[in-house]
Amino acid sequence: MATFKVLVTDYTYPTLEPERKVLETADAELVTAQCRTEDDVIEAAKGVDAIINQYAPLSRNVIESLDHCKVISRYGVGFDTVDVQTATEKGIMVCNVTDYCLDEVSNHAFALLMACARKVVLLNQSVKSGAWDPQIAKPITRLSNQTLGLVGFGNIPQSLAVKAKVFGLKVAAYDPFVSSEIAESQGVELMELNQLCRSSDYLSVHPPLNEHTKGMISTDQFQNMKENAFIINTSRGPVIDEAALITALKNKEIAGAALDVLETEPVEKHNPLLEMPNVIVNPHTAYYSEESELELKQKTAQNAADVLRGQLPRYIVNKEVIAT
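We now turn to the structure provided with this report. None of the values given here were measured: they were computed from a predicted structure.

## Some thoughts on the overall build of the chain
- Scanning the chain from N- to C-terminus turns up 12 helices and 12 strands.
- Relative to the compact-globule value of 20 Å for 324 residues, the chain shows a C-alpha radius of gyration of 21 Å, a close match.
- Structurally, the chain occupies a C-alpha span of about 70 × 50 × 30 Å along its principal axes.
- Within the chain, contacts between residues separated by at least 24 positions form 62% of all contacts whose residues are at least 6 apart in sequence.
- Just so you have it, the chain exposes about 15800 Å², and 51% of that area is on carbon and sulfur atoms.
- Between the averaged position of the 29 positive side-chain charges in the chain and that of its 43 negative side-chain charges there is a distance of 6 Å.

## Thoughts on the nonpolar core
- Within the largest apolar cluster, 31 residues are counted, with the highest numbers of intra-cluster contacts made by Val6, Leu23, Ile52, Val71, Tyr75 and Met93.
- Among the elements that make up this core, the one with the highest residue count is helix H12 (residues 290-308) (6 residues).
- Setting aside residues up to four positions removed in sequence, Ile52 forms contacts with Val6, Leu7, Val8, Thr9, Leu23, Ser73, Tyr75, Thr300 and Ala301.
- Cys197, Ala229, Ile254 and Leu259 belong to the second largest nonpolar core, which has 29 residues in total.

## Side note on empty space enclosed by the protein
- Going through the model one piece at a time under the given rule, you end up with 1 cavity of 30 Å³ or more.
- By volume, the largest cavity amounts to about 40 Å³.
- Contributing to the lining of the largest cavity are Asn233, Gly237, Ile240, Glu242, Leu245, Leu259, Val261 and Leu262.
- Per-class residue counts for the lining of the largest cavity are 5 nonpolar, 2 polar and 1 charged.

## Examining the side chain of Gln54
- Mapped onto the elements, Gln54 comes out in the loop between strand S3 (50-53) and helix H3 (60-64).
- In this structure the side chain of Gln54 is engaged in a polar contact, spanning 2.9 Å, whose partner is the backbone nitrogen of Thr12.
- In contact with Gln54, not counting residues within four places along its chain, are Thr9, Asp10, Tyr11, Thr12, Tyr13, Arg74, Tyr75 and Thr81.

## Some words on the sheet that holds strand S4 (residues 71-74)
- In spatial order, the strands read S2-S1-S3-S4-S5; together these 5 strands make up an open sheet with parallel pairing. The sheet is open, and its two edges are formed by strand S2 (28-32) and strand S5 (93-95), each paired on a single side. Averaged over all pairs of adjacent strands, the angle between strand axes in this sheet comes to 20 degrees, irrespective of strand direction.
- Bridge count between S4 and S5: 3 bridges; the pairing is parallel. Residue pairing in the sheet places Ile72 in a bridge with Val94 of S5.
- Packed on one face of the sheet, helix H1 (residues 17-24) meets strand S1 (4-8), S2 and S3 and runs near 150 degrees to S2.

What counts and what doesn't
Residues numbered from 1 in each chain as written. Predicted model: local features only at pLDDT ≥ 70, side-chain atom pairs only at ≥ 80, totals over all residues. Heavy atoms only, no water. Helix = DSSP H or I, 4+ residues; strand = E, 2+ residues; numbered from the N terminus. Rg over C-alpha atoms; globule rule 2.2 N^0.38 Å. Contact = heavy atoms within 4.5 Å. Areas by Shrake-Rupley, 256 points an atom, 1.4 Å probe, with all protein chains shown as cover. Lys, Arg positive; Asp, Glu negative; His and termini not counted. Charge placed at Lys NZ, Arg CZ, Asp CG, Glu CD. Core = buried A, V, L, I, M, F, W, Y, C linked by side-chain atoms within 4.5 Å. Buried < 20%, exposed > 50% of the residue type's maximum accessible area, 1.4 Å probe, protein only. 1 Å grid on protein atoms, 1.4 Å probe; cavity = no way out; pocket = protein on both sides within 12 Å on 5 of 7 lines; lining within 4 Å. Points joined across faces, edges and corners; volume = space filled by probe spheres on them. Nonpolar A, V, L, I, M, F, W, Y, C, P; charged D, E, K, R; others polar. Polar contact = N/O pair within 3.5 Å; in protein donor to acceptor, adjacent residues only side chain to side chain. Pairing = 2+ DSSP bridges. Axes fitted to C-alpha atoms, helices over the stretch in contact; angles between N-to-C directions.

Function-wise, these values are silent; they only describe arrangement.
In structure tokens, the structure reads:
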């Protein structure tokens, strides 16, 4: 019988063998559920020593019910499913994986930028509907000397900045937590948010979702953007005020949007964004490659295994727990 029990609260993967192999090194048994509600998690998590989480809600009620849990390890960079404050109060370490998809998300964001710049999706749809009219894509503007604005300047947007510069784009960013020295070392100008909106031809959104970033791109920001500017989101849907975005698109305050994430996922079938030819919508897939998915699964399990062995994991969200 294994020393520890680790619950996967929910998952969308066809196999959990990578996680199981990692956890076996810590003498931990993997148990699974497909929780959707707080009550589901409370029932499934009785007596577990660690939790691996995808989308199931780990709220205050859930975390307060945990009597043996030492660590919550979340699949992904974000941790908005977890009440980190309550976990910290309970002495439970919260972990994520910050670096498994840097290439994938930065590549996807740039692919969306290029699709907007060259009107690739619009032209494809036009030809497949029976037309052969390159004029519908006008105007198209040369990329070089245009500006890419980055909302957030962490690992992923820093990787995106390197790629964008190869194509001749100027890069600016807004991030109150990044020093001017770091930005300058990468040839990126830091700006206030609305100044960035005014300066950018493409605005790519990258902050984590929390109480401070929810709806941070809203009416004021759209009214500051250029009429020929595009907004790109590969972070979390609620970072953009979707109603304000729809209004800005209808009023032609901006030229278009490319969204890998939405406020409500899966997308609701009557969402007006689906009817707009200048909007690209993807099903929250920017993070994915075969390699990144395997890396994510292994590193998420490794976080839990490390804590169960009495070691510090590589990725810790609430480092203040270490001192308790």
